[in-house]
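Inside the fold
Each chain, letter by letter, is given below.
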Amino acid sequence: MPGKIVLCRCEDMTLADLEHSVARGYTDIEEVKRYTGFGTGPCQGKECLAVVGLQLARLTGQPPSAIPPFTSRPPLAPTPLRLLARAPDAHRFPDDPPDDE
Amino acid sequence: MQAGIDDEDDEARADASGQMRLPATLAGEGPLPASAEIVIVGGGVMGLAMAYHLAKRGLTDVVVIERGYLAEGASGRNGGGVRQQWSTEINIRLMQESVELCRRFAVDLGVNVWFRQGGYLFLARSEREVARLAKNIDLQNRCGVATRMLDPREALGIVPELDITGVVGAAYNPSDGILFPWPFLWGYARQAAALGVKLFMQTPVGSIDAEPAGGYTLRTPRGAIRARRVINACGAWSPKLAQMIGVEVPTYPIRHEICSSEPLKPFLRPMVSELASGLYCSQSMRGEIVGGVTIPGHASTYSMGSTLEFLATYARRLTRLMPILGDVKILRQWAGPYDQSPDGNPILGAPAGHPDFFLACGFVGHGFMMAPIIGKLYAEWLTGDAPHDIFGRSQLARFFDGSGAGLAKEDFNIG
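As the structure is a prediction and not an experimental result, all values here were calculated from the model. (Residues numbered from 1 in each chain as written. Chains lettered and ligands numbered in written order. Predicted model: local features only at pLDDT ≥ 70, side-chain atom pairs only at ≥ 80, totals over all residues.)

Observations regarding the overall build of chain B
Just so we agree on the cut-off: Under the scheme used here, helices are H or I runs from DSSP no shorter than 4 residues and strands are E runs no shorter than 2 residues, and both carry numbers assigned from the N terminus. Radius of gyration here uses only the C-alpha atoms, and the compact-globule reference equals 2.2 Å multiplied by the residue count raised to the power 0.38. Put plainly, a residue is buried at 20 or more neighbouring C-beta atoms within 10 Å of its own, exposed at 12 or fewer, and partly exposed in between, counting only other residues' C-beta atoms, which are placed from the backbone.
If you tally the helices and strands in chain B, you get 11 helices and 18 strands. In terms of overall size, chain B behaves like a compact globule, its C-alpha atoms giving a radius of gyration of 21 Å where 415 residues would be expected to give roughly 22 Å. Overall, the C-alpha framework of chain B stretches about 65 × 60 × 40 Å when taken along its three principal axes. When each of the 415 residues of chain B is scored for burial, the buried share is 53%.

Put into structure tokens, the structure is as follows:
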């Protein structure tokens, strides 16, 4: 049954996958993220982090408060390169063409 | 999902209460053992490769202690590139051996590292850069690496999505490749543990004392451990550990940022890199475009924060080189530290006055690809073989006694 319980929908990660990770000794939430790939899809953990954290707490016999969230990564939402390329923050290299606006 | 890439039977199962029984070797529960022949500080790829090769050669009284979680440092934060296109003969030859070890890794260590030899394509935008590539290619060819110079149209034949406006030439070696960094650590860690090495995560070293009778005592929140020999495999944090015994290591951390896109259907074979900006990108086996760019002029820092400056610069350079990627979305960005060495070359071996304290730092962002071979050579040396050439020429003393003056400086620390 744990193989049918999906915890991270972006990356198809199930409760069985989490159990497998913990059984392997990858018990830090950052290690679980890297081993299972949970939280690395379009939502970047916004949907799955809490439920994975809760199940990880249960499996490792810790209170949920002992499981910090993994480091959240920018950008806040998936952002096209074309948009980012127009941000004024870009460093200009000597061979950069002039801005076309 | 990614787990399942190693498919041995689980050795731990949930008990009746639903709680997992952990394999103690990886979880590192409990206090440190009282002593060990070798304590390796740093649970990154360098330390774990050493631990594995030491144990494989019969030296199993080894303890690895890592300050954070497995792969917390640069080993878990890099782009996974593995190349033989270097500017010094010793690096070219070492990387030839490392590529061979990467090719065999899945078989030797029982974990799929998604190693893919799609080549490395370096693009030059000036005649000066072409001359630099030509000089390197000549040396690489003499070492048996099949790098060749391409004109822009030939580069387009390899990556049709390129906009070659302004590209003057390119260097291409088809046997360079990329790998997925994390499984490398899982493979080394698990096999080292299976051979008897003890691993402890979340175990920062607070102090090291040289013992009058030889060896060192390392103090941690898990208790103290007495080591006959210590290996400092802390990457960019190596100077801090060395300082604990009064050894000055002149490397310093430079933050390099990196990002990953949404997954795309496989289209990009080689790692593509641009000399002018240090831009690089490759397509992982998950389909994501993973890449970065080198923004000059930033001061040394241990900060691993993310910046919009990086994302904007990367996007600007990448969409110029591959306009077709304009609508591709970036999912996340992160950063890791390069362990910057003043002369671009690593620092290995034991410093003066500390014959039982070994350094393995200064790889300038390329320690990951070097680790398979450096870990093996280190283990061979520490278990009685004559030291490889690399140890003699990589001594710390060169920065203080002028002995490094005649050494070839590696100048191809790109990307």
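Considerations on the nonpolar core
Here is the rule we go by: Nonpolar cores are identified as sets of buried Ala, Val, Leu, Ile, Met, Phe, Trp, Tyr and Cys residues joined via C-beta atoms within 7 Å. In this entry, domain limits derive from an automatic or database-based domain assignment. Here, residues touch in the contact sense if the C-beta positions derived from the backbone fall within 7 Å of one another.
Within the largest apolar cluster, 133 residues are counted, with the highest numbers of intra-cluster contacts made by B:Val39, B:Ala51, B:Val62 and B:Tyr188. No other element matches helix α9 (residues 367–382) of chain B, which puts 10 residues into this core. Mapping this core onto the domain boundaries places at least three of its residues in each of domain 1 (28–76 + 182–251 + 343–401) and domain 2 (116–176 + 252–340) of chain B. Not counting chain neighbours up to four residues away, the residues in contact with B:Tyr188 comprise B:Val45, B:Leu48, B:Ala49, B:Ala51, B:Tyr52 and B:Leu109. One finds A:Val32, A:Cys48, A:Val52 and A:Phe70 within the second-largest nonpolar core, a separate group that totals 18 residues.

Brief notes about the interface of chain A and chain B
What counts here: Note that Gly is not counted as nonpolar here; it falls among the polar residues with everything else outside the nonpolar set of Ala, Val, Leu, Ile, Met, Phe, Trp, Tyr, Cys and Pro and the charged set of Asp, Glu, Lys and Arg. What makes two strands pair is DSSP finding at least two bridges between them.
Each partner contributes residues to the interface: chain A has 40 residues there, and chain B has 45 residues. Contributions of two or more residues to the side of chain A that touches chain B are made by α1 (15–23), α2 (29–36), α3 (49–60), β3 (79–80) and α4 (81–84) of chain A. Sorting elements by how many residues they give to the side of chain A that touches chain B places α1(A) first, with 6 residues. Split by residue class, the side of chain A that touches chain B holds 16 nonpolar, 11 polar and 13 charged. Sheet topology places β3(A) next to strand β16 (residues 329–340) of chain B; 2 bridges connect them, and they run antiparallel. In the sheet register, A:Pro80 faces β16(B), and the bridge partner there is B:Lys329.

Observations concerning the domain arrangement of chain B
All names here are of chain B. Its domain assignment divides chain B into domain 1 (28–76 + 182–251 + 343–401) and domain 2 (116–176 + 252–340). On a C-alpha basis, the centres of domain 1 and domain 2 stand 31 Å from each other. Across the contact, 11 residues belong to domain 1 and 8 residues belong to domain 2. Partitioned by chemical class, the residues of the side of domain 1 that touches domain 2 number 5 nonpolar, 6 polar and no charged.

Regarding the packing of α1(A) against α2(A)
Residue and element names in this part refer to chain A. Let me state the cut-off plainly: Between N-to-C directions, angles span 0 to 180 degrees; the directions come from axes that are lines fitted to C-alpha atoms, helices contributing only their stretch in contact. Should the near helix be turned counterclockwise from the far one by less than a right angle, the crossing is left-handed, whereas a clockwise turn marks it as right-handed.
Interhelical geometry of α1 versus α2 gives an angle of 120° and a closest axis separation of 10 Å. At the point where α1 passes α2, the crossing takes the right-handed sense. Within the contact between the two elements, α1 uses Asp17, Leu18 and Ser21 and α2 uses Val32, Tyr35 and Thr36. Here the contact of α1 with α2 is composed, by residue class, of 3 nonpolar, 2 polar and 1 charged.

Let's talk about the sheet that holds strand β13 (residues 271–274) of chain B
Across the sheet, 9 strands lie side by side as β3(A)-β16(B)-β12(B)-β15(B)-β14(B)-β13(B)-β4(B)-β6(B)-β5(B); this open sheet has mixed pairing. A strand with exactly one partner marks an edge of an open sheet, and here the two such strands are β3 of chain A together with β5 (148–150) of chain B. Relative to β13(B), strand β4 (residues 120–124) of chain B runs parallel, the two sharing 4 bridges. Bridge pairing in β13(B) links B:Phe122 to B:Ser273.

A few points about the pairing of strand β2 (residues 62–65) of chain B
Each regular strand displays side chains that alternate between the two surfaces of the sheet. Residues and elements named next belong to chain B. Side chains Val62 and Val64 of β2 all project onto a buried face; the interleaved residues Val63 and Ile65 project onto the opposite face, where all are buried too. For strand β1 (residues 35–41) and β2, the ladder comprises 4 bridges, and the chain directions are parallel. Looking across to β2, one finds that Ile38 is bridged to Val62. Judged from the 3 bridges that link them, β2 and strand β8 (residues 198–200) form a sheet pairing that is parallel.

Looking at the pairing of β1(B)
For clarity, the threshold we go by: Looking down the strands as they point away from the viewer, one classifies a crossover as right-handed if the path from the first strand across the helix to the second runs clockwise.
Burial analysis of β1(B) places 5 of its 7 residues in the buried class, the great majority of the element. Between the parallel elements β1(B) and β2(B), the chain passes through helix α2 (residues 45–56) of chain B in a crossover that is right-handed.

A few points about α2(B)
Note on helix geometry: an α-helix contains 3.6 residues per turn, so any two residues three or four positions apart are oriented the same way. All names here are of chain B. Here is the rule: To estimate the expected span of a helix, count its residues, drop one, and scale the result by 1.5 Å.
Between its first and last C-alpha, α2 extends 16 Å over 12 residues, near the 16 Å set by a 1.5 Å rise per residue. Of all 12 residues in α2, 11 are buried; the element is thus mostly enclosed. Within α2, the full set of buried residues consists of Val45, Met46, Gly47, Leu48, Ala49, Met50, Ala51, Tyr52, His53, Leu54 and Ala55. Buried positions along α2 lie against β1, β2, α6 (181–194), β11 (223–232), β18 (357–361) and α9. In the segment just after α2, Gly58 is the residue with positive phi, at about 100°.

Digging into helix α4 (residues 127–142) of chain B
Residue and element names in this part refer to chain B. Under the convention used in this document: This arc describes the spread of directions from the helix axis toward the C-beta atoms.
Over its 16 residues, α4 runs 23 Å from end to end, which matches the ideal 22 Å to within 8%, given 1.5 Å per residue. All buried positions along α4 are accounted for by Glu129, Leu133, Asn136, Ile137 and Gln140. Taken around the axis of α4, the buried residues stretch over an arc of 110°, which confines them to a single face. Residues Glu127, Arg128, Ala131, Lys135, Asp138 and Arg142 are exposed on α4 and point more than 90 degrees away from its buried face.

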